[in-house]
Structures are given as C-alpha cells and as structure tokens.
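The primary structure of each chain is shown beneath.
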Amino acid sequence: MTALIIDGKQIAQKLRAEWKLRADRLNAAGIAPGLAVVMVGDNAASKIYVRNKIRACREVGIRSEEHLLGGDSSQETVLGLIDRLNADAGIHGILVQLPLPAQLAPPIVIERISPDKDVDGLHSRNLGSLVSGHPRLLPCTPAGIMKMLKSTGLDLHGKEAVVVGRSNIVGKPVALLLLQAGATVTMCHSHTRDLAHHTRRADVLVCAIGKPHAIGGEMIKPGAAVIDVGINRLSDGKLVGDVDFGAARERAGWITPVPGGVGPMTIAMLLGNAILSAERYAAELGIKLDA
Ligand code: NDP
C-alpha cells in the first residue's frame with residue numbers, strides 16, 4: 001500500500017481563501033483585524049516563523065504589528081507590553097513567539113495575555129474550555145491536525161488514536177480533540193514502555209516528539225492515518241519529521257509530509273483564530289457583518 005499524502009499546503013491555502021473573505025467583511029465593517037506578534041531575543045528559527053506569520057497575515061488582510069524586544073528584557077517589560085496590547089482596541093490577537101529567553105517564565109507570560117486575544121490558544125482559560133468540551137480559541141497545531149484528519153474523510157468514532165508526545169502545545173490538546181471526536185485515545189511519552197506496541201494498534205497516529213525518524217515503518221498499522229508534527233533539521237540541513245516517511249508511506253493509508261504538512265496548517269489556524277477574535281469583538285460592539 002502506498003499512502004495518500006495529506007497536503008497541508010493545499011488545505012491551508014483553501015482555508016486562507018475563506019479567512020480572506022471573512023477579513024474582507026470585517027474590514028468593510030470598519031474593523032481591521034489586528035494581530036500583534038511579540039518576539040523576545042533573536043532566535044534564528046523564531047525569526048523565520050515570525051516572518052512567515054507576518055507575511056501570511058498580509059495575504060489574508062490581517063493587519064499585523066511586530067514587537068521585537070531585546071533578549072535581556074525583564075519579565076516586567078514583557079508583561080507591560082502585553083498589558084498595553086490587551087488594552088489596545090485595534091489588536092484582536094496577541095502571539096508571543098516561543099521559546100522565550102531563560103529569565104522569562106512562559107506560563108506567566110502566556111497567562112497575562114487576555115484569553116479573548118490568545119490566538120495561540122494556550123491560556124489556561126482556553127485550555128480549560130477545551131477540556132470541558134466547549135472550546136473557544138483552539139491551539140493552532142492541534143486544530144490544524146483535526147482539519148487534516150477531516151480531509152481524509154475518516155470517521156474518528158471508535159477509532160484507536162495514539163498520540164506520541166505530551167506537550168501542552170501539541171500532544172495534550174490534540175489528544176483532547178481526538179477524544180471529543182469519538183476516538184479511543186492513548187497518550188505515549190518518553191517513559192512509555194514498548195512504544196511500538198501502542199503505535200502498531202493506531203488507526204490514527206500523531207507524532208509530536210522532536211526526534212528524527214523516531215517512528216519506523218514497522219511501527220505503523222497498515223492503512224493508518226499518520227500525522228507527523230515533528231520538525232527536525234539533520235546535519236546536512238534537510239528538514240525531516242519524527243516518522244521515517246519513506247518506510248511509513250508503504251504501510252500507512254494517509255500520511256503528512258515534512259515540510260508541507262502540519263506546519264502550513266499551524267499558520268492557517270493562527271490566522272483563523274485572529275479573525276474569529278476580531279469577529280467576536282465586532283459582535284460585542286453590535287456590528288453586523290455582511291454574509
Ligand atoms: P516537546 O519537546 O515539548 O515534547 C516532546 C514530547 O515527546 C514529550 O512529551 C516527550 O516525552 C516525548 N518524547 C521524547 N522522546 C520520546 C521518545 N523517544 N518516545 C516517546 N516520546 C518521546 O515538543 P513539542 O510538542 O513542542 O514539539 C514536538 C515536535 O513538533 C518538535 O519537533 C517541534 O519542532 C514540532 N512542532 C511542530 C509544529 C508545526 O507547526 N509543525 C508546531 C509545534 C511543534 P516526556 O514528556 O516524557 O519528556
């Protein structure tokens with residue numbers, strides 16, 4: 001069997017066309033959707049991610065502001081900026097690019113963002129609403145993964161889903177979303193005994209580990225939908241995921257490539273959250289948006 005490729009770029013492009021229509025409607029109603037991106041320090045990878053996000057905003061009609069703070073900025077400085085952005089009526093989404101320098105505590109920084117503007121969906125209020133089954137702003141990568149699974153036409157009810165990795169950003173929230181979609185979910189991590197025993201049972205396998213080729217072809221159930229979240233740069237500069245793509249492709253039913261899989265979906269869902277926040281703001285003001 002050769003797996004069908006789940007083309008994240010293509011799905012993201014379709015979503016962006018939809019976001020553009022919604023951004024146009026907002027702009028026409030006098031609400032220019034605004035996203036503030038906060039970056040502390042000059043981490044090379046973060047710079048690329050931020051540049052891509054800003055470009056993506058421009059393409060769909062979201063106004064973006066970049067706030068670059070020095071790598072030695074204090075927590076008070078960062079929290080002060082977030083307070084100002086929280087109070088700014090022209091900003092509907094705030095994103096703090098992670099990772100942060102060591103002197104800053106990510107949980108404190110994230111908790112300071114207004115939950116209504118938390119377009120990364122990482123504030124405890126947004127994660128809590130996901131746990132309770134009534135999500136408001138979903139974390140971007142997990143939300144993108146669910147869209148990709150939807151594109152396969154797979155009915156997730158009763159399926160065995162295995163998530164490898166238990167981070168707050170990817171593993172835990174995607175497990176909750178799969179659970180909500182009716183799958184039977186198993187979570188694996190670095191202490192899991194016999195990882196292959198679990199992955200081989202998975203109708204849906206989500207890998208968010210951060211280790212190149214940690215999941216070999218023999219660890220995959222024939223016909224499974226395999227979502228590879230990992231982004232790993234090899235010594236020759238090549239980008240690969242957590243899954244051995246070549247071998248896995250011969251067993252899986254569907255598989256996401258790296259690059260061109262989950263990455264573009266994460267950005268698309270971020271834009272979607274920014275637009276949703278702006279629409280909620282318009283609704284609070286009683287502004288009706290043309291259908
Ligand atoms: P974290 O480092 O926060 O979490 C990694 C998880 O993998 C941990 O739960 C860890 O277990 C688990 N793990 C590590 N080694 C093993 C192993 N050998 N077997 C089983 N589990 C293992 O990473 P993130 O969730 O933030 O990111 C994961 C990957 O996804 C990275 O490559 C990252 O770059 C990428 N990523 C990609 C995104 C995209 O848009 N495409 C978005 C976000 C992340 P334990 O908890 O026990 O330590």
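Before reading further, recall that the structure is shown in the block above.
Once a new chain begins, its residue numbering starts again from 1 and follows that chain's sequence as written. In keeping with the model being predicted, local features are shown solely for residues with a pLDDT of at least 70 and side-chain atom pairs are shown and tallied solely at 80 or more, while totals for entire chains, interfaces and linings include all residues. Working from all heavy atoms in the structure, the side-chain values ignore hydrogens and water.

1. Here's the deal with the environment of glutamate 250
To keep things clear, this is the line we draw: Runs of E in the DSSP output that reach at least two residues are strands. Runs of H or I that reach at least four are helices, and both are numbered from the N terminus. Think of it in three bands: with a 1.4 Å probe and only protein chains considered, a residue is buried below 20% of the maximum accessible area for its type, exposed above 50%, and partly exposed in between. Contacts between residues were defined by any pair of non-hydrogen atoms, one from each residue, lying within 4.5 Å.
Secondary-structure assignment places glutamate 250 in the loop between helix 9 (245–249) and strand 11 (254–255). Accessibility expressed as a relative area gives 45% for glutamate 250, which makes it partly exposed. For the pair glutamate 250 and glycine 217, spaced 33 residues apart in sequence, the C-alpha separation works out to 7.6 Å. With residues near it in sequence (within four places) discarded, glutamate 250 still touches Met1 and Thr2.

2. Side note on unusual backbone geometry
In this model, leucine 98 is joined to proline 99 through a cis peptide bond whose omega is 5°. Looking at the secondary structure, you find proline 99 in the loop between strand 4 (93–96) and helix 4 (106–112). That bond from valine 258 to proline 259 is cis: its omega, 0°, falls within 30 degrees of zero. Relative to the helices and strands, proline 259 is located in the loop between strand 11 and helix 10 (262–284). Its identity as a non-glycine residue notwithstanding, aspartate 194 has a phi of 55°, on the positive side. Take aspartate 194: it is sitting in the loop between strand 6 (184–188) and helix 8 (195–199). For aspartate 194, a relative accessible area of 51% puts it in the exposed group. Non-glycine residue histidine 213 carries a positive phi angle of around 55°. Structurally, the position occupied by histidine 213 is in the loop between strand 7 (204–207) and strand 8 (225–228).

3. Some details on the site of the ligand
Cut-off, in case you're wondering: In this text, near means that some heavy atom of the residue lies within 4 Å of the molecule or strand in question. Polar contact criterion, stated in full: a pair of N or O atoms within 3.5 Å, where within protein one must be able to donate a hydrogen and the other to accept it, and residues adjacent in sequence count only if both atoms are side-chain atoms. Only the protein chains shown count as covering a residue, and every accessible area follows the Shrake-Rupley method with a 1.4 Å probe.
The environment of the ligand is formed by 21 residues, the closest being Arg166, Ser167, Ser190, Lys211 and Thr266. One of the side-chain nitrogen or oxygen atoms of lysine 211 is found 3.0 Å away from a nitrogen atom of the ligand. Coverage of the ligand by the protein chains reaches 69% of its 930 Å² of free accessible surface. When residues in the shell around the ligand are grouped by element, the largest group, three residues, is from helix 10.

4. Topic: the nonpolar core
What counts is decided by this rule: Buried Ala, Val, Leu, Ile, Met, Phe, Trp, Tyr and Cys residues that are joined via side-chain atoms within 4.5 Å together make up what is termed a nonpolar core.
Ranked by internal contacts, the top residues of the largest apolar core, which has 52 residues, are Ile145, Leu149, Leu178, Val206 and Ile227. Counting residues per element, this core draws most heavily on helix 10, which supplies 11 residues. Setting aside anything within four residues of it in sequence, one finds isoleucine 227 in contact with Ile6, Ile145, Met148, Leu149, Leu205, Val206, Cys207, Thr256 and Val262. Counting residues in each nonpolar core, the second largest holds 17 residues, with Ala196, Leu205, Cys207 and Ala248 among its members.

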